[in-house]
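Residues per chain are reported as follows:
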Amino acid sequence: MNEDGRVRRSYDLYRRALELIPGGTQLISRRPTRYANGVSPVFASRARGARFWDVDGNEYIDWVSGIGAIILGYCDPVVDEAVRRQMASGTMYPINHELEIELAEELVRTIPCAEMVRYAKCGGEACAMAVRIARGVTGRDLVLFCGYHGWHDWYLAANLAAEANLDPHLFPGIDPTGVPRALAGTALPFPSGDLAVLGQLLDDHKGQVAAVIMEPLRSELPPAGYLDGVCKLCRQHGVVLIFDEVSSGFRIRVGGVQEYLGVMPDMAVFAKAISNGYPMAAVVGRREVMEPVGRMFISSTYWSDTIGLRAALTTIRELKRREVPAYLHRLGSDIQRRLNEAAEATDLAVRCGGLSVHPSLQFQTPDAALKSKLSTLYIQEMAKRGCHGYTSFYLNAAQGDAEVEQTVSAAREVFALMQEGLARDTLDRLLECDLQQDAFRRLVR
Ligand SMILES: Cc1ncc(COP(=O)(O)O)c(C=O)c1O
């Protein structure tokens, strides 16, 4: 770390955290090594709208939207007021609350594959629940997966059979310490976009596969017909198809990727944006798959917490009322066009592309080491100019003209600096931190 005075308190706190909290943070994506370590902020003190303030008093636009959990903006007045009213009536009871049914009805109206609903508190937990359900319903053990689905045993078990199984889906070097060795071979990865490989895996393990779980998309559309093909293969093999929409959900359409692409999984998992920052997750699915859950032991005290339920119900209604996906599409298209103009004006070989609701910068070089330097330098210099994020943009409805304007003018300066660094071969001198460690990589683009 090479922190300057601008973020001194953040890094003092981080050192304190490392003494008491193994790993320093609860979420790997909140470690400073994921950004510009020593320059990016590590501890926040407050947030509002599209922005947050760090413990050193610096103001930032949050281009990671609370790691995907914020979709209406921080402190959304409608959601927060609904939550406050709920708190005034108590948040937990010894018995159930009608909100559980109201939210289930809203999800069934909203998500194409949803006929029945169960709740959880976070994405990984909800994925684990979906996998348990699929195993229970089919009486089979094997799970085929693509992408990232949380920290639970069923998923990390992939690295017991071959230590690099998770490398392209998450990041390299994940040691499944603590995961029972007996689970080796129960979770197998498949690459995104290749029906032949998935078909072969299903043939090789005929009658043994309970579930195919995958992110239907992330920052690019899947190849035409791919998801339909996956659905068809799963039907042929009697496998439960689960879409993990923890990160993609609600942004491209309120009904998720399944509504946008017209592809129906058997089950889907939602979390993060579902409740605009309050802990909440949902597993939804076809009645036939979900009904047996009533006979399985899937049960937890806080899944009935009314804060998450109220926040989710209000967030989903507000997403519809404010037509948020259409807004995010316009916002993201504007960011892409204006960042591409800035790149052209500075001659830097970078393109902003991807889905409009999830724009991302691609440095146009085949040299992986150079790409990593350029990405880190971009994150570092944007952080100094009040823009917190990676080289991709997680959008929310509180971001608007002021945020785009500030970001594009910062990017113009940063692109020019990078172009000069490339021309004079001084990139290393411009870097004030170690290279950013691999962000969560996904095969799903
Ligand atoms: C696709 C996907 N699934 C599951 C998870 C895990 O969710 P959580 O961090 O809420 O447990 C994430 C988190 O980034 C995710 O992106």
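Predicted, not measured: the structure shown is a model, and the values here were computed from it.

## So, the domain arrangement of the protein chain
Here the protein chain is described as being made up of domain 1 (5-72 + 323-430) and domain 2 (77-321). Computed from C-alpha atoms alone, the centre-to-centre distance between domain 1 and domain 2 is 28 Å. Across the boundary between the two partners, domain 1 contributes 15 residues, which contact 18 residues of domain 2. With three residues, the single largest contributor to the side of domain 1 that touches domain 2 is helix α12 (residues 324-346). Here the residues of the side of domain 1 that touches domain 2 sort into nine nonpolar, six polar and no charged.

## Some details on the environment of Ile71
Among the structural elements, Ile71 can be located in the loop between β3 (59-62) and α2 (77-88). Taking the C-alpha atoms as reference, Ile71 lies 8.5 Å from Leu319; in sequence the two are 248 residues apart. Discounting chain neighbours no more than four positions away, the residues touching Ile71 are Ser65, Phe250, Arg251, Ala273, Asn276, Thr315, Leu319, Val324, Asn396 and Ala397.

## Here's the deal with the sheet that holds strand β13 (residues 387-388)
Read from one edge of the open sheet, four strands run β1-β2-β3-β13, paired in mixed fashion. Lying at the two open borders of the sheet, with one neighbouring strand each, are β1 (44-48) and β13. Bridging between β1 and strand β2 (residues 51-54) involves four bridges; their strand directions are antiparallel. Bridging across to β2, Arg46 finds its partner in Trp53.

## Quick notes on the sheet that holds strand β8 (residues 240-244)
Taken together, seven strands build an open sheet; the order of strands is β4-β10-β9-β8-β7-β5-β6 and the sheet is mixed. What marks the edges here is a single partner per strand, and that holds for β4 (116-120) and β6 (187-189). The mean angle between the axes of side-by-side strands here comes to 20°, regardless of whether they run parallel or antiparallel. Along the sheet, helix α4 (residues 123-138) contacts β4, β5 (142-146), β7 (209-214), β8, β9 (267-270) and β10 (281-285); its crossing angle with β7, the most-contacted strand, is approximately 150°.

## Quick notes on the site of the ligand
In the vicinity of the ligand, 13 residues are found, and the nearest of them are Cys122, Gly123, Gly124, Val246 and Ser247. If one sorts the elements of the shell around the ligand by residue count, α4 sits on top with three residues. A breakdown of the residues in the shell around the ligand according to their chemical character gives five nonpolar, six polar and two charged.

## Comments concerning the nonpolar core
Ranked by internal contacts, the top residues of the largest apolar core, which has 130 residues, are Ala130 and Ile242. The leading source of residues in this core is α4, at nine residues. For this core, the two domains that each supply at least three residues are domain 1 (5-72 + 323-430) and domain 2 (77-321).

## Topic: the packing of helix α7 (residues 195-204) against helix α8 (residues 226-237)
One can describe the packing of α7 onto α8 by two numbers: an axis separation of 10 Å at closest approach and a directional angle of 10°. Our classification of the angle between α7 and α8 gives roughly parallel. On α8, the residues touching Leu195, Leu198, Gly199 and Leu202 of α7 are Tyr226, Gly229, Val230, Leu233 and His237.

## Description of the pairing of strand β11 (residues 350-353)
Along β11, the buried face is formed by Val350 and Cys352; none of Arg351 and Gly353, which line the opposite face, is buried. Here β11 folds back onto strand β12 (residues 360-363), and the loop between the two strands holds six residues, one of which, Gly354, carries a positive phi near 80°.

## Re unusual backbone geometry
One non-glycine residue, Cys75, lies in positive phi territory at about 55°. Its place among the elements puts Cys75 in the loop between β3 and α2. C-beta crowding within 10 Å serves as the criterion here: with 15 such atoms nearby, Cys75 is assigned to the partly exposed category. In this structure, Lys272 takes a positive phi of about 40° despite not being glycine. For Lys272, the position within the fold is in the loop between β9 and β10. Look at Lys272 and you get buried, because 26 C-beta atoms sit within 10 Å.

## Here we look at helix α14 (residues 401-424)
Compared with an ideal rise of 1.5 Å per residue, which puts 24 residues at 34 Å, α14 spans 34 Å between its outermost C-alpha atoms and is within 8% of the ideal. Those residues of α14 lying buried are Glu403, Thr407, Ala411, Val414, Phe415 and Met418. Asp425 occupies a position one or two residues after α14 and carries a positive phi of about 60°.

## Regarding the pairing of β3
Summarising the sheet, β2 and β3 pair through three bridges and their orientation is antiparallel. Within β3, the position partnered with Trp53 by the bridge is Glu59. Hairpin remark: β2 followed by β3, antiparallel, with four residues in the connecting loop; positive phi at Gly57, about 90°. Bridge count between β3 and β13: two bridges; the pairing is parallel. Counted as the bridge partner of Asp62 is His388 from β13.

## Quick word on the packing of helix α3 (residues 99-110) against helix α11 (residues 306-321)
For the pair α3 and α11, the least separation of the axes is 10 Å and the interaxial angle reads 35°. α3 and α11 meet at a crossing whose hand is left-handed. Contacts between α3 and α11 pair Leu99, Glu100, Glu102, Leu103, Glu106 and Thr110 from the former with Thr306, Leu309, Arg310, Ala312, Leu313 and Ile316 from the latter. In terms of residue class, the contact of α3 with α11 is made up of six nonpolar, two polar and four charged.

## Overview of the environment of Trp151
Relative to the helices and strands, Trp151 resides in the loop between β5 and α5 (153-156). Overall, the presence of 16 C-beta atoms within 10 Å leaves Trp151 in the partly exposed class. Placed 84 residues apart in sequence, Trp151 and Arg235 show a C-alpha to C-alpha distance of 28 Å. If we skip the residues at most four places from it in the chain, Trp151 touches Gly124 and Leu156.

Rules behind the numbers
- Residues numbered from 1 in each chain as written.
- Predicted model: local features only at pLDDT ≥ 70, side-chain atom pairs only at ≥ 80, totals over all residues.
- Domains from an automatic or database assignment.
- Contact = placed C-beta atoms within 7 Å.
- Helix = DSSP H or I, 4+ residues; strand = E, 2+ residues; numbered from the N terminus.
- Nonpolar A, V, L, I, M, F, W, Y, C, P; charged D, E, K, R; others polar.
- Pairing = 2+ DSSP bridges.
- Axes fitted to C-alpha atoms, helices over the stretch in contact; angles between N-to-C directions.
- Near = placed C-beta within 6 Å.
- Core = buried A, V, L, I, M, F, W, Y, C linked by C-beta atoms within 7 Å.
- Buried ≥ 20, exposed ≤ 12 C-beta atoms within 10 Å, placed from the backbone.
- Parallel < 35°, antiparallel > 145°, perpendicular 65-115°, else oblique.
- Expected span 1.5 Å × (residues − 1).
- Left-handed = near helix turned anticlockwise from the far one by under 90°.

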